[in-house]
Every structure is written in C-alpha cells, then in structure tokens.
Amino acid sequence: MNHDLWTALDGYIAEHLLPPDPVLDAVLAASDAAGLPPIGITPNQGKLLELLARIHGAHSILELGTLGGYSTIWLARALPEGGRLITLEREPHYAALASANISSAGLADTVQVRVGPALQTLPELHGEGAGPFDMIFIDADKQNYPGYLEWSLELSRVGTLIVGDNVVRAGAILDPKAEDPSFEDGGIAAGVRRFYELLAAEPRVSATAIQTVGAKGHDGFALALVTAL
Ligand code: DHB
Ligand code: MG
C-alpha cells in the first residue's frame, strides 16, 4: 500500500548510512545481467546482517541459499581475520555466478560455495564436523524451512544465532489457504508456518521475528538464539 514510500525511505537510509560500494553495485549488476530473480536482500538488510554478525562476534557463518552471493558478501565482510563462511546453493549457475562475485569482492579465501540441495549438503557438513557455526542465515526455499531449522540446530552450539529471511511475506503466512496442499504458492506460506511452529515448540531456542518494510515490500526476519542443546 505504501510501497513507494517504503522504497523512498529505504533509499534515503542507504544514501545516508551506506558508503558508496562499487563492488556490491557490480555484484547486483552482474546478478541482474545473468537473469537471477530479483529476490535478494536489500542494501540496508545486508548492513543489518553484517551488524548482527559483528554484534554477535561471529567467526563462522553458514548461509542457506546463496543466490548471487550478495548477502554472502555482506556477512563475510563481518568476519574477523581467519573467519570462514560456507554458503549452500542448489542451482549450479547461481553458485557459479556467486563464486565469481565473491572472488571479485576479494573473499574467495573466506567463503566456500557448496552446490546442491541444502537438505543433502547439511548432513554432509555435519558428517564432516564442519560445525558448530556461530551464525546461520536461512534464506533458501521456504518449503524446506522446517528441515533447515532442524539441521541448523545440529550445526549449532549454545549461543549460535539463527536468522531466517522472509518470515512475514506481506502477511501471506496468515492466509488460511496456506494449509491447503494445492494452494497456488506451492507450499511457501505453509513452510514458513511450520517453521514458526517448530520454533515455538523448540526448547533449545529463544526466538522472535521482526517485521520489515522497504524496497522489497513488507517482510520480516526471524531471530533465534540457541540457548540450550
Ligand atoms: C522472495 C524473496 C526472498 O527474499 C526469498 O528468499 C525468496 C523469494 C520473493 O520475493 O519471492
Ligand atoms: Mg530471502
């Protein structure tokens, strides 16, 4: 309803608070030119993720859903010397572009892009002893958010911060039709609803969600701190 205003304010905030960033501009341009869907986070959201990682003192980050690597770069920039980030992407051509983007951001030695469905890669990571991660950003297909949360907990320690993107979806999660398996969104809202239900029933986390508005419309981030394992 107020989308133009939210977008203008997003621009105002970014112009004031985010320094010019030719590297990230080039990443967005390359992602656009390659035909990636325009579903990445906004610059202000990237800065929020970077600040959360820094506030948390994260040395290791796991990301589910790389797309073109834009959020990956924001998160990786928050890491101290010697920090590491693993990002999981199902689509090989997204992963290839993300790897190129991450290299042009000078982060090739910090970030590992792993190609494949995350529900396959996550157990592999667990088997490799890759965790625990200090922070986990879940931003892949919403239908699998419940499984992603379960695996995130397997790759967590007490104190891990789990962030989930797109947990409001302009209110679509409230639509009762979300529970109908034939609903046209293909199970997105149902996946997010199961994610909330899991969080609610999960004694190992302390969680909330914050609604956001901006250039990407009305959405939100879930924040869950692992408090026990
Ligand atoms: C959409 C937005 C996202 O941030 C995402 O992770 C997936 C899809 C969307 O707007 O459709
Ligand atoms: Mg998202």
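Below is a short write-up of the structure. Since the model is a prediction, treat every value here as computed from it, not as a measurement. (Residues numbered from 1 in each chain as written. Chains lettered and ligands numbered in written order. Predicted model: local features only at pLDDT ≥ 70, side-chain atom pairs only at ≥ 80, totals over all residues. Heavy atoms only, no water.)

Section: helix α2 (residues 22–33)
Basically, it comes down to this: Only runs of H or I of at least four residues qualify as helices and only runs of E of at least two qualify as strands under DSSP, and these elements are numbered from the N terminus. A helix is expected to span 1.5 Å multiplied by its residue count minus one. Categorising residues by exposure relies on relative accessible area from a 1.4 Å probe, with only protein chains included: less than 20% of the type maximum marks a residue as buried, more than 50% marks it as exposed, and the intermediate range marks it as partly exposed. This arc is taken over the directions from the axis of the helix to the C-beta atoms.
With 12 residues, α2 should reach 16 Å at 1.5 Å per residue; the first-to-last C-alpha distance of 16 Å fits that figure. For α2, the complete set of buried residues consists of Leu24, Val27 and Ser31. Within α2, the buried residues cover an arc of 50° as seen down the axis, which keeps them to one side. Looking at α2, the residues exposed on the side facing more than 90 degrees away from the buried face are Pro22, Asp32 and Ala33.

Some thoughts on the coordination of the magnesium ion (ligand 2)
Note the cut-off: Coordination shells were defined by N, O and S atoms within 2.8 Å of each metal, extended to 3.2 Å for Na, K and Ca; water is absent from the atom set, which can make sites look incomplete.
Every protein donor of the magnesium ion (ligand 2) is listed here as Asp139 (OD), Asp165 (OD) and Asn166 (OD1), and their distances to the metal cover 2.0 to 2.1 Å. Between consecutive donor residues of the magnesium ion (ligand 2), the sequence gaps follow D-x25-D-N. Taken together, the residues span a long stretch of sequence, with Asp139 in the loop between β4 (135–138) and α7 (145–154) and Asp165 in strand β5 (residues 161–165) at a distance of 26 residues.

Observations regarding the site of ligand 1
So the rule is basically this: Here a residue counts as near a molecule or strand whenever at least one of its heavy atoms sits within 4 Å of it. Polar contact is defined as a pair of N or O atoms within 3.5 Å, subject to the rule that within protein one atom must be able to donate a hydrogen and the other to accept it, and that residues adjacent in sequence are counted only when both atoms are side-chain atoms. Using a 1.4 Å probe, the Shrake-Rupley method yields the accessible areas, and only the shown protein chains count as cover for residues. Only protein atoms enter the 1 Å grid used here, on which a cavity is any set of points holding a 1.4 Å probe that cannot leave and a pocket is any open set flanked by protein within 12 Å on both sides along at least five of seven lines; residues with an atom within 4 Å of a point are listed as lining. Being in a pocket or cavity means that more than half of the molecule's atoms lie within 2 Å of its grid points. Gly is put with the polar residues, along with every residue not named as nonpolar or charged; the nonpolar set is Ala, Val, Leu, Ile, Met, Phe, Trp, Tyr, Cys and Pro, and the charged set is Asp, Glu, Lys and Arg.
Inspection of the region around ligand 1 gives Ile39, Asp139, Lys142, Asp165, Asn166, Arg169 and Lys216 as its neighbouring residues. Taking Lys142, its side chain carries an N or O atom lying 2.8 Å from an oxygen atom of ligand 1. When the free accessible area of ligand 1 is taken as 290 Å², the share hidden by the protein chains comes to 71%. The cavity that encloses ligand 1 is the largest pocket. Across the shell around ligand 1, the residue classes tally to 1 nonpolar, 1 polar and 5 charged.

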